[in-house]
Amino acid sequence: MELVKKTRLYDWHLAHGAHLAEFGGYQMPLWYTAGTRAEHLAVISAAGIFDTSHMAAVSVDGTEARLLLERCFTRNIGAESAKGALIPGRCLYGLFLNDDGTVIDDAIVYQLAAERYLVVVNAGMGGPVAAHLTANRQDMAVEVTDRTDHLGKLDLQGPAAVAILAGLLRDPAAALGGLGYFAFRGSLADLGGGQPQGTIALDDGTELLVSRTGYTGEQGFEIFTAIDKLERVWERLIAAGQAHGLLPCGLAARDSLRAGAGLPLSLQDIGPWPFLHNPWQFALPWLPDRRFFSKDFIGASALLKSNWPKHTLAFAGFDPRKVPAGPDSLVLNKEGENCGTILTCTTDMAIDRQEGEIISLAAGPARPVKGLCCGFVLVDRQLPPGSRVWLSDGRRRVEVEIRTDIRPERTARRVLHLPNDNRLPVEGGEA
């Protein structure tokens, strides 16, 4: 039996009152003493810090590394004229699919240099994704290396993330000024040489790779460092964040934040069914007519031929009550008939309804927000936005509304403003 792993921050979590549970093969904090609601709201109004060193990473290096990724990754990274094409210092969200169009895992691919890429995938998926890339490289000049548990990683998210990180950097203007969405800077010796983004370091000399990405929908960063430096970086950010209202956050807040932001959980909201009829079709290289793709990739032919009838749709409720996903949980239409299953159902504590519209705490409503349940359902028909369905587990029945968006006023794409800097850095990049 495989042993459950611990991240380098396990002892810190234990010492600071974290409620721990197994996730993705690791003992991870679900929440700390402040509780999930406080952690969720901190990310909306101040900042939260997450241990994400359980996530896996794979290096793809060599003269034909780009060719291999074009074959295996759904995004069109090679066409330089394509919107969002990958260049050094940029990253893209996409997927690795099986031949039948089902999902192996979703990922962010970072281009470190002309022939060097870093693929960040979910916990426990470093081996399967590395094996998939290796099996499809044939005789290409590519080296695939599973770097799971060899990189330190944490997420700093929320409107105060910029001020907290900038206060610790040796040169915050050079590190963060003009850093666009889905762009990154810095380099790590653990990833080898040849990285043109320069060095980003804390004032004590600790080198970082700082990425303008995250899993909350809010402004912030994913931060990589050497594995033996992770605890020191974590503790310094915690100390610097106290004046800004920063809280350490667990997986429960991570789940409620990502659901409210409309972001999928791999192998739960996307998984062993064709990657079609869902809110994340931007991850496929569709041509404008939506009949063909702009490139070939593993799984493309199966998707184009598929008659997959089901639709994955986002929803939001009318109060905080939720119905957990599970084998006994159903989606019911207005006639009370079963029309699907619940994939994710959680509560976004930072939203509410006012005069029929969803409002966000980020917009500063005059009254406190109660929170709304939200998530994703897999149903047997396309339902237009505004449609009502009911979630039921046999004991509770909750009415929800099909939505194209859930939490408004999200800050992830906003221009970064450095403390005491009145310049407007150039914003850029697509997810």
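Being a predicted model, the structure only gives us computed values, none of them experimental. (Residues numbered from 1 in each chain as written. Predicted model: local features only at pLDDT ≥ 70, side-chain atom pairs only at ≥ 80, totals over all residues. Heavy atoms only, no water.)

## Details of the overall build of the chain
- Across its full length, the chain holds nine helices and 23 strands.
- In terms of C-alpha radius of gyration, the chain reaches 21 Å, essentially the compact-globule figure of 22 Å for 431 residues.
- With the principal axes as the frame, the chain shows a C-alpha extent of 60 × 55 × 50 Å.
- Taking all 431 residues of the chain together, the buried fraction comes to 57%.
- Here the contacts in the chain between residues at least 6 apart in sequence split such that 69% fall between residues at least 24 apart.
- Per element, the accessible surface of the chain, about 17800 Å² overall, is 51% carbon and sulfur.
- With 43 positive and 50 negative side-chain charges, the chain shows a separation of 4 Å between the mean positions of the two kinds. (Helix = DSSP H or I, 4+ residues; strand = E, 2+ residues; numbered from the N terminus. Rg over C-alpha atoms; globule rule 2.2 N^0.38 Å. Buried < 20%, exposed > 50% of the residue type's maximum accessible area, 1.4 Å probe, protein only. Contact = heavy atoms within 4.5 Å. Areas by Shrake-Rupley, 256 points an atom, 1.4 Å probe, with all protein chains shown as cover. Lys, Arg positive; Asp, Glu negative; His and termini not counted. Charge placed at Lys NZ, Arg CZ, Asp CG, Glu CD.)

## Details of unusual backbone geometry
- Positive phi, close to 50 degrees, is recorded for Q138, a residue that is not glycine.
- Relative to the assigned elements, Q138 resides in the loop between α4 (126-136) and β9 (143-146).
- For Q138, a relative accessible area of 60% puts it in the exposed group.
- For R290, which is not a glycine, the phi torsion comes out positive at approximately 60 degrees.
- R290 sits in the partly exposed class, given a relative accessible area of 48%.

## Considerations on the environment of P274
- Residue placement: P274 occurs in the loop between α8 (251-260) and α9 (300-305).
- A residue is classified by how much of its surface remains accessible, and P274, at 13% relative accessible area, is buried.
- With residues near it in sequence (within four places) discarded, P274 still touches G101, T102, L303, S306 and W308.

## Details of the packing of helix α2 (residues 36-45) against α8
- Remark: α2 packs on α8, axes separated minimally by 9 Å, with the N-to-C direction vectors making an angle of 50 degrees. The angle between the axes of α2 and α8 places the two elements in the oblique class. Crossing of α2 against α8: the hand is right-handed. On α8, the residues that touch T36, E39, H40, V43 and I44 of α2 are A252, A253, S256 and L257. (Axes fitted to C-alpha atoms, helices over the stretch in contact; angles between N-to-C directions. Parallel < 35°, antiparallel > 145°, perpendicular 65-115°, else oblique. Left-handed = near helix turned anticlockwise from the far one by under 90°.)

## Thoughts on the confidence of the model for the chain
- Per-residue confidence for the chain averages 93 on the pLDDT scale, and 93% of its residues sit at or above 70.
- A low-confidence stretch, residues 422-431 (pLDDT under 50), is modelled with 33 contacts involving residues beyond four sequence positions or located in other chains. (pLDDT = per-residue confidence, 0-100.)

## A closer look at the nonpolar core
- By size, the foremost hydrophobic cluster in this structure holds 45 residues, and its most contacted members are Y110, L118 and F275.
- Those elements that place two or more of their residues in this core are β6 (91-97), β7 (103-113), β8 (116-121), α9, β16 (311-317) and β21 (372-379).
- Once residues within four sequence positions are removed from consideration, L118 is found in contact with A57, V58, S59, I108, V109, Y110, L112, L151 and L191.
- A18, L165, A166 and L237 belong to the second largest nonpolar core, which has 36 residues in total. (Core = buried A, V, L, I, M, F, W, Y, C linked by side-chain atoms within 4.5 Å.)

## Observations concerning the side chain of E222
- Residue placement: E222 occurs in strand β14 (residues 220-226).
- Overall, E222 belongs to the buried group, its relative accessible area being 5%.
- Within the structure, E222 has its side chain in polar contact with the side chain of K153 (distance 2.6 Å).
- Leave out the neighbours within four places in its chain, and E222 touches I108, Y110, K153, L154, D155, L209, V210, S211, T213 and G214. (Polar contact = N/O pair within 3.5 Å; in protein donor to acceptor, adjacent residues only side chain to side chain.)

## Examining the packing of helix α3 (residues 65-72) against α4
- Where α3 contacts α4, the axes come no closer than 10 Å and their chain directions differ by 110 degrees. The pairing of α3 with α4 is recorded here as roughly perpendicular in orientation. Taking contact as the criterion, the partners of L68, L69, R71 and C72 in α3 are, on α4, H132, L133 and N136.
- Residue composition of the contact of α3 with α4, grouped by class: four nonpolar, two polar and one charged. (Nonpolar A, V, L, I, M, F, W, Y, C, P; charged D, E, K, R; others polar.)

## Considering the sheet that holds strand β22 (residues 388-392)
- Taken in spatial order, the six strands line up as β16-β21-β18-β17-β22-β23 and close into a barrel, and their pairing is antiparallel. Within the sheet, the average angular offset between the axes of one strand and its neighbour, ignoring direction, is 45 degrees.
- Contacting β18 (338-348) and β21, α8 crosses the sheet at an angle of about 115 degrees to β18. (Pairing = 2+ DSSP bridges.)

## Some details on a nonpolar patch on the surface
- Nonpolar side chains collect at one region of the surface, where L287, F292 and L304 lie side by side and expose about 240 Å² of accessible area between them.
- Summarising the element assignment, F292 is placed in the loop between α8 and α9.
- For F292, a relative accessible area of 42% puts it in the partly exposed group. (Patch = residues over 30% accessible without salt bridge, like charges linked within 9 Å, V, L, I, M, F, W, Y side chains within 5 Å. Salt bridge = Lys/Arg side-chain N within 4 Å of Asp/Glu carboxyl O.)

## Things to note about the pattern of salt bridges
- Summed over all chains, the structure comprises 21 salt bridges.
- R116 serves as the salt-bridge partner of D61, at 3.7 Å between the closest nitrogen and oxygen. Note that D61 is positioned in strand β5 (residues 56-61) and R116 in strand β8, a separation of 55 residues in sequence.
- Given the relative accessible area of 11%, D61 is considered buried.
- Between D269 and R258 there is a salt bridge; the shortest N-O distance is 2.6 Å. Here D269, found in the loop between α8 and α9, pairs with R258, found in helix α8; they are eleven residues apart in sequence, far enough to count as distant. Per residue, the accessibility class of D269 equals that of R258, and both read buried.

## Remarks on helix α7 (residues 230-241)
- Over its twelve residues, α7 extends 16 Å from the first C-alpha to the last, a length consistent with the 16 Å expected when each residue adds 1.5 Å.
- When α7 is considered as a whole, its buried residues turn out to be L230, V233, W234, R236, L237, I238 and G241. (Expected span 1.5 Å × (residues − 1).)

## Notes on the packing of aromatic side chains
- With the rule as written, the count across this model stands at ten aromatic pairs.
- Between Y110 and F184, the aromatic rings sit 5.3 Å apart at their centres with planes inclined by 70 degrees, giving edge-to-face as the arrangement. Of the two residues, Y110 sits in strand β7 while F184 sits in strand β11 (residues 184-186), which places them 74 residues apart along the sequence. F184 carries the same exposure label as Y110, and that label is buried.
- With a centroid separation of 5.0 Å and 75 degrees between ring planes, the pair formed by Y181 and F182 is classed as edge-to-face. Each member of the pair, Y181 as well as F182, is classed as buried.
- Cluster of aromatic residues (ring-pair linked, three or more members): W12, Y32 and W234. (Phe/Tyr/Trp six-rings, centres within 6.5 Å; stacked < 30°, edge-to-face > 60°.)

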